[in-house]
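Structural characterization, general
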Amino acid sequence: MNIYTNCSLLHYNTFGIQVRADMLVEYESVGELKQALALYHERMGEKPLLHIGGGSNLLFLCDFKGMVLHSLVEGYKVVGEEGDDVLVRVGAGMTFDDFVSESLWRGWYGLENLSGIPGQVGASAVQNVGAYGTEVGSLIEKVEGVSLSDGSQHSWKGAECGYAYRQSIFKQELAGQYAITYVTYRLHRTFRPQLEYGGVRQAMAEAGFSEDTLTAMKLRQVILFIRRQKLPDPAVQGNAGSFFMNPVVSKREFDSLCRRFPGIPGYRQGEDAFKVPAAWLIEQCGWKGRRWNDSPAAVHDRQPLVLVNKGGARGTEILHLCEDIQTDVKKKFGIELRHEVNIVAPEGDLDDIDDD
Ligand code: EPU
């Protein structure tokens, strides 16, 4: 177990916001996590506790006056084989893309379209990460966790996790209550490529790959290529991936939007709903590539769903940018944009933030 006091969180958030935590504890096992929780309850009393993954979906607004927990729980173990399926139990601290690549090398498929996603395996199960037509919720068999309040161990079947677009019970009714320790994924021995998402087939053709000879490794290369084209690399420019969720509107609302804004894109979700790309709404409001108030907080110039730190941005500047975008999108389209990134404010209160 590593314990750091008055620790910089610069390398624990991909936005690259320079903030500190009173204490940061990294643990490698369930036993160490329980020790860390005992330490927290003994020493930190009323102060807040925050569990982070790869820090790739976080925005810190100020120093964190409490304990931050970070999982280093590794492990990749086959725990079952059922016909075409392989059940793999993975440590929550494993880097998600290492998990994807390891699985593909072993010839176990299902994760190829999720190549290149930053963050850890534990966070994937909380956020139901998704990209290019695949969401992890459809592959998760079981999630194991430890209660942050009393250290007790719990597990949930995939079907109990309430997975929906960027949602799970761990973001809703159980938010902030558990540290995820292991996730069991159901992978497949048969490769069934998912190529329906816009842009995937075109990128395949550009790479000279035909559908007949496509392998999972080639598809991984295609996905990594698309991501490199569109999304900023957090190692080069601070960001937390999609800052906003794509809003879902009713069919009636979408029809009315189409009349007012011909050409507005929308993707059908079930019978009566349409998902509208937030990127399009933000671009139409003139925010693509723009900075907030000449600060280093800016909208990415190729994917406006992503907010970036051009160097030295404060969390509050990113927050102001987020709020101004939300206001403009609401004014023009009547749509509320919800942020996907977790905003960490003192005691969760955005009004308490001092801008200076
Ligand atoms: N668009 C624009 N202008 C742009 C870019 C995109 O108008 O500059 C519009 C276009 O209509 C385009 C549409 O947005 O067709 C969709 O763009 P894209 O395929 O890039 O996907 P997205 O909906 O913007 C979502 C995920 C991404 C994921 C991609 C691919 C969310 C919140 N985001 O973005 O996830 O990589 O689909 O599946 O659902 C992440 O969560 O960090 C993330 C990057």
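Note that the structure is a prediction, hence the values are computed from the model and not measured.

This brings us to the sheet that holds strand β18 (residues 306–309). Strand order in the open sheet made by the 3 strands is β13-β18-β17, with antiparallel pairing throughout. If you trace the sheet from one side to the other, it starts and ends with β13 (238–242) and β17 (297–299), each paired once. Strand-to-strand twist of the sheet, defined as the mean angle between neighbouring strand axes without regard to direction, takes the value 20 degrees. Bridge analysis of β17 against β18 gives 3 bridges, and the strand direction is antiparallel. Of the residues in β18, the one forming a bridge with V299 is L307.

Evaluated as defined, the whole model comprises 13 aromatic pairs. For the ring pair F99 and Y185, a centre distance of 4.8 Å and an interplane angle of 55 degrees mean the geometry is tilted. Separated by 86 residues along the polypeptide, F99 in helix α2 (residues 96–106) and Y185 in strand β12 (residues 178–188) bring together distant segments of the chain. Taking relative accessible area as the criterion, F99 reaches 0% and is therefore assigned buried. Among the aromatic residues, those joined into a cluster by ring pairs are Y76, F96, F99, W108 and Y185. Stacked on the ring of Y182, the Lys or Arg R89 has its end atom at 3.7 Å from the ring centre. The ring of Y165 is capped by K275, whose NZ or CZ atom sits 3.5 Å from the centre of that ring.

Strands belonging to one sheet form pairs held by backbone hydrogen bonds; the direction of such a pair is parallel or antiparallel. Taking strand neighbours across the sheet as the criterion, the 4 strands line up as β1-β2-β5-β3 in an open arrangement whose pairing is mixed. In this open sheet, the two edge strands, each paired with only one partner strand, are β1 (2–8) and β3 (49–52). Pairwise comparison of adjacent strand axes, ignoring direction, gives a mean angle of 25 degrees for this sheet. As paired elements, strand β2 (residues 20–27) and strand β5 (residues 64–71) share 6 bridges and run parallel to each other. Residue pairing in the sheet places Y27 in a bridge with S71 of β5.

Next up on the list: the domain arrangement of the chain. Domains assigned within the chain are domain 1 (2–71), domain 2 (76–230) and domain 3 (238–355). For domain 1 and domain 3, the distance between their C-alpha centroids amounts to 28 Å. Contacts between the two partners involve 14 residues from domain 1, matched on the other side by 25 residues from domain 3. Both sides together, the interface formed by domain 1 and domain 3 hides about 1400 Å², and carbon and sulfur atoms give 63% of it.

What follows concerns the environment of F261. Topologically, F261 is positioned in the loop between α6 (251–260) and β15 (267–269). Sequence separation between F261 and F333 is 72 residues, and the spatial gap between their C-alpha atoms is 8.9 Å. In this structure, F261 is in contact with W280, K332 and F333, ignoring residues within four places of it in sequence.

Attention now goes to the nonpolar core. With 52 residues, the main nonpolar core has F244, L307 and I325 as its most contacted residues. Of the residues forming this core, the biggest block, 7 residues, is contributed by helix α8 (residues 315–333). Residue contributions to this core reach at least three from each of two domains, namely domain 1 (2–71) and domain 3 (238–355). Those residues in contact with F244 that sit more than four places away from it in its chain are A278, I282, L305, L307, C322, I325, Q326, L337, R338, H339 and E340. The next biggest cluster of nonpolar side chains, apart from the first, holds 46 residues, and it includes Y76, V121, Y132 and M204.

About the thresholds
- Residues numbered from 1 in each chain as written.
- Predicted model: local features only at pLDDT ≥ 70, side-chain atom pairs only at ≥ 80, totals over all residues.
- Heavy atoms only, no water.
- Pairing = 2+ DSSP bridges.
- Helix = DSSP H or I, 4+ residues; strand = E, 2+ residues; numbered from the N terminus.
- Axes fitted to C-alpha atoms, helices over the stretch in contact; angles between N-to-C directions.
- Phe/Tyr/Trp six-rings, centres within 6.5 Å; stacked < 30°, edge-to-face > 60°.
- Buried < 20%, exposed > 50% of the residue type's maximum accessible area, 1.4 Å probe, protein only.
- Lys NZ or Arg CZ within 6 Å of the ring centre and 35° of its normal.
- Domains from an automatic or database assignment.
- Contact = heavy atoms within 4.5 Å.
- Buried area = accessible area lost by both parts, 1.4 Å probe.
- Core = buried A, V, L, I, M, F, W, Y, C linked by side-chain atoms within 4.5 Å.

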